[in-house]
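Examination of the molecular architecture
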Amino acid sequence: MSAVNRGLRQASKQVRLSQRVSNLSCPRSAGLQSAFRLQNSSSTSTSALPNTRTSSFSTMASLQSAAPGVTPSPAAHKGYDPEITDIADYVLNKNIDSELAFDTARWVFLDTLGCGLEGLRFKECTKLLGPTVPGTVVPNGPKVPGTPYQLDPINAAFNIGTMIRWLDYNDCWLAAEWGHPSDNLGAILAVADWITRTNKAGGNLANGKQFTVRDVLEGMIKAHEIQGCLALLNSYNKVGLDHVVLVKVASTAVVSKMLGLNEKQTADAITQAWVDGQSLRTYRHSPNTMSRKSWAAGDACQRAVNLALKVLKGEPGVPTVLSAPVWGFYDVLFKGKKFEFQRPYGSYVMENVLFKVSYPAEFHSQTAVEASEKIHAQLKAMGKSAADIKEVTIRTHEACVRIIDKQFKPMDNFADRDHCIQYMCSVMLVFGRLTAGDYTDGSEAATSELVESLRKKIKCVEDPQFTADYHDPALRTISNGLTVELNDGTFLDEVVVEAPLGHRLRREEAKPHILAKYKRHLEPHFSADKVEKLVALGQNPKELEAMSVDEYVDLYVNEKSEFAQ
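Residues numbered from 1 in each chain as written. Predicted model: local features only at pLDDT ≥ 70, side-chain atom pairs only at ≥ 80, totals over all residues. Heavy atoms only, no water.

A few words now on the environment of Thr 112. Turning to its location among the elements, Thr 112 is positioned in helix 5 (residues 99-119). Given a relative accessible area of 0%, Thr 112 falls into the buried group. Separated by 51 residues in the primary sequence, Thr 112 and Met 163 have C-alpha atoms spaced 9.6 Å apart. Polar side-chain contacts of Thr 112 include one of 2.6 Å to the backbone oxygen of Val 108. (Helix = DSSP H or I, 4+ residues; strand = E, 2+ residues; numbered from the N terminus. Buried < 20%, exposed > 50% of the residue type's maximum accessible area, 1.4 Å probe, protein only. Polar contact = N/O pair within 3.5 Å; in protein donor to acceptor, adjacent residues only side chain to side chain.)

Attention now moves to the pattern of salt bridges. Under the counting rule described, the total for this entry stands at 41 salt bridges. Asp 268 serves as the salt-bridge partner of Lys 264, at 2.9 Å between the closest nitrogen and oxygen. Of this pair, Lys 264 and Asp 268 both sit in helix 11 (residues 263-275), separated by 4 residues, roughly a single helical turn. Residue class for Lys 264 comes out partly exposed when judged on its relative accessible area of 25%. (Salt bridge = Lys/Arg side-chain N within 4 Å of Asp/Glu carboxyl O.)

Let us look at the side chain of Arg 281. Of note, Arg 281 is situated in the loop between helix 11 and helix 12 (292-312). Taking the relative accessible area as the measure of exposure, Arg 281 reaches 5% and is therefore buried. Polar side-chain contacts of Arg 281 include one of 3.0 Å to the side chain of His 285. With sequence-adjacent residues up to four places away left out, Arg 281 is seen in contact with Glu 177, Trp 178, Asn 237, Gly 240, Leu 241, Asp 242, His 243 and Ile 403. (Contact = heavy atoms within 4.5 Å.)

A few words now on the environment of Leu 312. Take Leu 312: it is sitting in helix 12. Setting aside anything within four residues of it in sequence, one finds Leu 312 in contact with Leu 259 and Leu 261.

What follows concerns the layout of surface pockets. Counted as a void, the second largest pocket has a volume near 290 Å³. Tyr 169, Leu 434, Thr 435, Ala 436 and Arg 520 are the residues nearest the centre of the second largest pocket, which is lined by 16 residues in total. Across the lining of the second largest pocket, the residue classes break down as 7 nonpolar, 4 polar and 5 charged. (1 Å grid on protein atoms, 1.4 Å probe; cavity = no way out; pocket = protein on both sides within 12 Å on 5 of 7 lines; lining within 4 Å. Points joined across faces, edges and corners; volume = space filled by probe spheres on them. Nonpolar A, V, L, I, M, F, W, Y, C, P; charged D, E, K, R; others polar.)

We now examine the packing of helix 7 (residues 153-165) against helix 12. Running from N to C, helix 7 and helix 12 point in directions that differ by 155°, and their axes come no closer than 7 Å. Between helix 7 and helix 12, the interaxial angle falls into the category roughly antiparallel. Where helix 7 crosses over helix 12, the two elements pack in a sense that is right-handed. Of the residues in helix 12, those touching helix 7 at Pro 153, Ile 154, Ala 157, Phe 158, Gly 161, Thr 162 and Arg 165 are Lys 293, Ser 294, Trp 295, Ala 297, Gly 298, Asp 299, Cys 301, Gln 302, Val 305, Asn 306 and Leu 309. (Axes fitted to C-alpha atoms, helices over the stretch in contact; angles between N-to-C directions. Parallel < 35°, antiparallel > 145°, perpendicular 65-115°, else oblique. Left-handed = near helix turned anticlockwise from the far one by under 90°.)

So, about the sheet that holds strand 5 (residues 480-486). Pairing is mixed across the open sheet formed by 4 strands, whose spatial order is 4-3-5-6. In this open sheet, the two edge strands, each paired with only one partner strand, are strand 4 (458-462) and strand 6 (495-497). Across this sheet, the average inter-strand angle for adjacent strands is 20°, counted without regard to direction. Here strand 3 (residues 389-396) runs beside strand 5; their pairing, made up of 6 bridges, is antiparallel. Within strand 5, the position partnered with Glu 391 by the bridge is Glu 485. Seen against the sheet, helix 18 (residues 421-431) touches strand 3, strand 4 and strand 5 and runs at an angle of roughly 125° to strand 4. (Pairing = 2+ DSSP bridges.)

Relative orientation of the contacting elements helix 8 (residues 185-200) and helix 9 (residues 213-232) amounts to 150°, with a least axis distance of 10 Å. Accordingly, the angle class assigned to the pair helix 8 and helix 9 is roughly antiparallel. The two elements helix 8 and helix 9 meet at a crossing, and its hand is right-handed. Residues Leu 185, Ile 188 and Ala 192 of helix 8 lie in contact with helix 9, whose contacting residues are Val 216, Gly 219, Met 220 and Ala 223. A breakdown of the residues in the contact of helix 8 with helix 9 according to their chemical character gives 6 nonpolar, 1 polar and no charged.

Quick look at the pairing of strand 3 now. Along a regular strand, successive side chains alternate from one face of the sheet to the other. Pairing between strand 3 and strand 4: 5 bridges, direction parallel. From the neighbouring strand, Thr 393 faces strand 4, where its bridge partner is Lys 459.

This model, assessed by the stated rule, comprises 17 aromatic pairs. A cation over an aromatic ring shows up here: Arg 433 above the ring of Phe 431, its NZ or CZ 4.5 Å from the ring centre. (Phe/Tyr/Trp six-rings, centres within 6.5 Å; stacked < 30°, edge-to-face > 60°. Lys NZ or Arg CZ within 6 Å of the ring centre and 35° of its normal.)

Limitation: the analysis is restricted to geometry and does not speak to function.
Next comes the structure, spelled out in structure tokens:
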């Protein structure tokens, strides 16, 4: 052995011995215990500690800035991010006493289940559903409404979440970020059903808890609130992230409580949701718009359940997942900005949520499609049709322009069509209707030359006042105004619709339509007697809310479904 090699080995041995002594003087467990003691205390930023290095970037900077001779755990410097503890405290300790919230949640619950049943009618959806291994049945597992499937809670959350979201027809929340808070029902219903069936069979999940429908409604209220409040002032889409990150966070928080996790464990689970890989919005935008946007929420639901179950087994959290310098969510994915909050968590979002009542269309287009329906009727009364239209101008809000303005973009698939305001308005102007079937390849609408030519004659122009009203907490309108010029030079008066049917300002007007929509979605799956029973039960809040979750879900089981086998 050369003298050089002997010298290197001796130096390496000395370094290892020095590291061993250092580890004994400050074991890792001591750092973890320190972090646990500090989790609810005021935190001290590592940047406020003495800095013995001049380098602006070092993965060891936080350790080397501590007192000489001490190598603490990075988490020992501070407790959990307050954004995390606020959610955990809300989920576990906040009592929901708003009857308006519970009443609205009941309508959302029925509407969301109906949307899921309607999604089952499309083979592109059902091909993704069922057990991972065909034929698998999980004893005491949650059941998937409208199907014969009984699965594990993780896969059931994906199934239910995917069918709910498939047609872009469930409720909506619009703010700096948009999304569909009832997506969370995929996780909530699967876990509630699983725990209840298991405990009725002699298990002891969540201390033997058996859930009622009212428990599910409370979980929905809290999931809506978490997702909605995180969206009010924080735009995830502007940094390229999909809004389903909020479904994952909200579902993880609510499911953690359902599983019986304590406040620290709930915080741990929430941090796991933030550190988990976040979906890009790539699949929602040209040139990559595709069907993943319809199962992204189902994916978020299954991830939420999976992460909460891992924490239940003892997996720890990531206390400063948001604020950690360099490696935290804020620095990596949010351009260094911290989340901003408009209001504390309560029941505001459920009370103000938007129902999609009239059309299975991306929500920023709902009022434009409603205006198009009025114009279709006006043209018919004039003895004219969409073929007589030279140009259409849509006065709209910024979010609409950014998301669904695709005047000249070729329509590649159904996902492209239901995120194109020009296509949706054209179908309504041509046919006087807009249904889920109008988005599919080969449909009458998708193959219509008149629809395609008219689509290219429709341009969007942002109105700053419409954008301001969209963000105004007192209004939250989604305004669109259509002006039509005919081939003979005639201009029709602009038709403006500010609040769509289903908006808080039109809630009572919408309820009969929501119920009719629910009934319409039940009918292809169940007998007339079963449909009437479900509709009547849905309109009896006292009986519905007191019902055990598993017994209610059993009413939706369809062993001989022609859509899912």
